[in-house]
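Survey of secondary and tertiary structure
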Amino acid sequence: MLFCPLYFFLEFLVLSLSLEEKNPFTFDLSKPNRKNLAERGVSKPLAGVVRKMELVSCSHSSISCHQKPSLSLRFLDTNCFNLRPRRISLPRSKSFICESLVSTNNLLVADGDFGTRSVADKSGEITKLNIPGLPDGSEGNNGSPISSSFWDYKPKLSVHYETSGIENTHAPAVLFLPGFGVGSFHFEKQLRDLGCDYRVWALDFLGQGMSLPGEDPTPGSEGEKDFWGFGEESQPWASELAYSVDLWRDQVQHFVEQVIGEPVYIVGNSLGGFMALYFAACCPHLVKGITLLNATPFWGFLPNPERSPRLSKIFRWSGTFPLPASIRKLTEIVWQKISDPKSIEQILKQVYADHSTDVNKVFSRIIETTQHPAAAASFASIMFAPRGQLSFQEALSRCQIQGIPICLMYGKEDPWVRPIWGLQVKRKVPDAPYYEISPAGHCPHDEVPEVINFLLRGWIENLESDGSIALPFIEEPEYEELGVSRELEYAREGMRKSVQVRLFGSKFSLWNQMSSFVKSHLANLRIVSR
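This report concerns the structure included in the present document. (Residues numbered from 1 in each chain as written. Predicted model: local features only at pLDDT ≥ 70, side-chain atom pairs only at ≥ 80, totals over all residues. Heavy atoms only, no water.)

**Re the overall build of the protein chain**
Counting its secondary structure elements, the protein chain contains 16 helices and 15 strands. Looking at the 530 residues of the protein chain, the share that counts as buried comes to 53%. Partitioning the intrachain contacts of the protein chain with sequence separation of at least 6 by distance along the chain shows that 74% fall at a separation of at least 24. (Helix = DSSP H or I, 4+ residues; strand = E, 2+ residues; numbered from the N terminus. Buried < 20%, exposed > 50% of the residue type's maximum accessible area, 1.4 Å probe, protein only. Contact = heavy atoms within 4.5 Å.)

What follows is the structure, encoded as structure tokens:
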């Protein structure tokens, strides 16, 4: 996770150096535009001058390294020939360039976000939709009760999981996979709400949450009473234990087979998203569909011994017990820092875009996990465990070949897994619906659970009905290709809140997105410098 921003920057630099010169959606407001309109397929004769524009929205760019606000404007006078150059003076932080015009029934929408064609609605405005809030106890609606259980996976290794809605015997099964450092508790807003309609499970990966071992894997270590796993010899049950993605894949497989007992819709956030894709690629017969919530696009630093046997021999330790003496010392130093409550508090501030979100429960549960005696050694094992047998891209290709439905829901303001990663998945799988939510960070299911639950219901209903029920936002056929934006409003704790959600259509082009992004920045710099 720590290398995500660097990796993104390098990839963005390579793309930006080789961009096409011409953006088919760029619109020059400083010159007569009859020819430009004809080139863009706007054949309807228009006459007059644009005299007024109305602010529709103000947002950040979808590529999160651009954090300046950008404006979406609606032309109130619909005639756009004989445009006269008009200088617009704005503070540096609000400078913009109108770069895309879309004809929508005598209205033209200028989108300063990217310059790709995106339909708002028939009137050119972003439609506001009211969606249900979470069960909050009002009017007797407390949602579906959540139960906590343990499943004996292997000797001395018990898996904690939570479940809801088991009484819905004929409803689809949904399994949630958490991100690194959290557990099933992070999906309780989904369990309580979606459990009213589906059978829902969420589990803790081995070595995390409440799935830490109940015994010291290396007992008898003197002077290390506070840390399990720091001894010199491992117990038989832990001799080959390493908290790797391959272990977690096997854990999920056996959980689906033995506990759930049927194929599932699998939803994963961050590391859980990586595991959802990896598991589906290896066990497609157990998966009905995948939803990725800001999925981590890679995991593991050391080579996989099956894929790179020679290279893996260079690294003598691969996350197994006991920990080498040098690793124990390093772990003590690092663990003291990352388990500090102040550090955890700072991390939560980074990954949640809306700082008004109540994260007290998440904070307390993470602190509780760090106080477990096996937590430090488990963390070391996770960090040094080898990569999986498949990369993220290889797993994605397998899922695509096997026809596994994929849905993407990404928080736009994620500082770690930038939206570019989700857009790359969208480019690889054009038919996968991609919903970009703003404002929302790395954990949209906890930050805007009302939105995630609404979209998940719509996606599952679409698949269960074999397409007879449309996906959320696809009220018109053209939206499926061109995309559409909506403002979703909901009630929370007696207040009305809203977020903007953009559905990227199947004609989405990452190349045009990147090209328009760079050109808009260059144009902004020229405008500001005048």
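From this point on, the discussion continues.
**Overview of the side chain of T163**
Tracing the backbone shows T163 in strand β7 (residues 157-164). A residue is classified by how much of its surface remains accessible, and T163, at 6% relative accessible area, is buried. Among the polar contacts made by the side chain of T163, one reaches the main-chain carbonyl oxygen of V200 at a distance of 2.9 Å. Sequence-distant contacts of T163, defined by excluding residues within four places in its chain, comprise P145, I146, S147, V200 and W201. (Polar contact = N/O pair within 3.5 Å; in protein donor to acceptor, adjacent residues only side chain to side chain.)

**Regarding the nonpolar core**
In terms of nonpolar packing, the biggest core is built from 74 residues, with L175, L177, W248, I266, M275, I290 and I406 touching the most fellow members. No other element matches helix α5 (residues 271-282), which puts 9 residues into this core. In terms of nonpolar packing, the next biggest core, distinct from the first, is built from 34 residues, Y198, A202, M409 and Y435 among them. (Core = buried A, V, L, I, M, F, W, Y, C linked by side-chain atoms within 4.5 Å.)

**Thoughts on helix α9 (residues 360-370)**
Of all the positions in α9, only V362, R365, I366, I367, T369 and T370 are classed as buried. The inward-facing, buried residues of α9 contact β7, α3 (188-194), α7 (325-338), α8 (341-351), α10 (375-384) and α13 (444-447).

**Digging into the sheet that holds strand β5 (residues 127-130)**
Overall, mixed pairing links the 11 strands, which are arranged β5-β14-β15-β13-β12-β11-β10-β8-β9-β7-β6 in an open sheet. Pairing within the sheet leaves two strands with one partner each, and these edge strands are β5 and β6 (147-154). Taking each pair of neighbouring strands and ignoring which way they run, the sheet shows an average axis angle of 25°. Two elements, β6 and β7, share 7 bridges in a ladder whose sense is antiparallel. Each residue of the ladder has a partner; that of F150, found in β7, is H160. (Pairing = 2+ DSSP bridges. Axes fitted to C-alpha atoms, helices over the stretch in contact; angles between N-to-C directions.)

**Some words on a nonpolar patch on the surface**
A surface patch of nonpolar side chains, about 320 Å² in accessible area, is lined by L330, I333, V334 and I338. By the secondary structure assignment, V334 is in helix α7. (Patch = residues over 30% accessible without salt bridge, like charges linked within 9 Å, V, L, I, M, F, W, Y side chains within 5 Å. Areas by Shrake-Rupley, 256 points an atom, 1.4 Å probe, with all protein chains shown as cover. Salt bridge = Lys/Arg side-chain N within 4 Å of Asp/Glu carboxyl O.)

**Section: unusual backbone geometry**
Most of the time, phi is negative for any residue but glycine, and the peptide bond is trans. Put simply, F321 and P322 share a cis peptide bond, and its omega is 5°. Residue position: P322 is located in the loop between α6 (309-312) and α7. Cis geometry is adopted by the peptide bond preceding P439, which originates at S438 and carries an omega value of 0°. Relative to the elements of secondary structure, P439 occurs in the loop between β13 (434-438) and α13. One non-glycine residue, S270, lies in the positive phi region at around 60°. Secondary-structure assignment places S270 in the loop between β10 (264-269) and α5. Residue class for S270 comes out buried when judged on its relative accessible area of 5%. The backbone of D466 shows a phi angle near 55°, a positive value even though the residue is not glycine. Tracing the backbone shows D466 in the loop between α14 (449-464) and α15 (477-482).

**Quick word on the pattern of salt bridges**
Counted according to the given criterion, the structure contains 17 salt bridges. As a salt-bridge pair, K189 and D446 come within 3.1 Å of each other at their nearest N and O atoms. In this pair, K189 is assigned in helix α3 and D446 in helix α13, connecting sequence segments 257 residues apart. Here K189 falls in the partly exposed class, since its relative accessible area comes to 28%. Two residues, R249 and D246, come together in a salt bridge whose shortest N-O distance is 3.4 Å. Here the residue R249 and the residue D246 both occupy positions in helix α4 (residues 245-260), the gap between them amounting to 3 residues, near one helical turn. Put simply, K128, E489 and R496 are held in one network by salt bridges that share partners.

**A look at the packing of α7 against α10**
It is the contact of α7 with α10, at a shortest axis distance of 10 Å, that shows an interaxial angle of 110°. In terms of their interaxial angle, α7 and α10 are classed as roughly perpendicular. Residue-level inspection shows I327, L330, T331, V334, W335 and I338 of α7 in contact with α10, the latter providing A375, A376, F379, A380 and F384. Residues belonging to the contact of α7 with α10 are distributed by class as follows: 10 nonpolar, 1 polar and no charged. (Parallel < 35°, antiparallel > 145°, perpendicular 65-115°, else oblique. Nonpolar A, V, L, I, M, F, W, Y, C, P; charged D, E, K, R; others polar.)

**Description of the environment of K497**
Mapped onto the fold, K497 is located in strand β15 (residues 495-504). In sequence terms K497 and G133 are 364 residues apart; their C-alpha atoms lie 9.9 Å from each other. Filtering out sequence-adjacent residues up to four positions away, K497 remains in contact with D354, S356, L488, E489, Y490 and R492. Reaching out from K497, the side chain makes a polar contact with the side chain of D354 at a distance of 2.8 Å.

**Things to note about helix α11 (residues 392-401)**
The set of residues buried in α11 consists of F392, A395, L396 and C399. Within α11, the buried residues cover an arc of 100° as seen down the axis, which keeps them to one side. Its buried side turned inward, α11 meets α5, β11 (287-293), β12 (406-411) and α12 (419-428). G403 lies just past α11 and shows a positive phi near 70°. (Arc of directions from axis to C-beta.)

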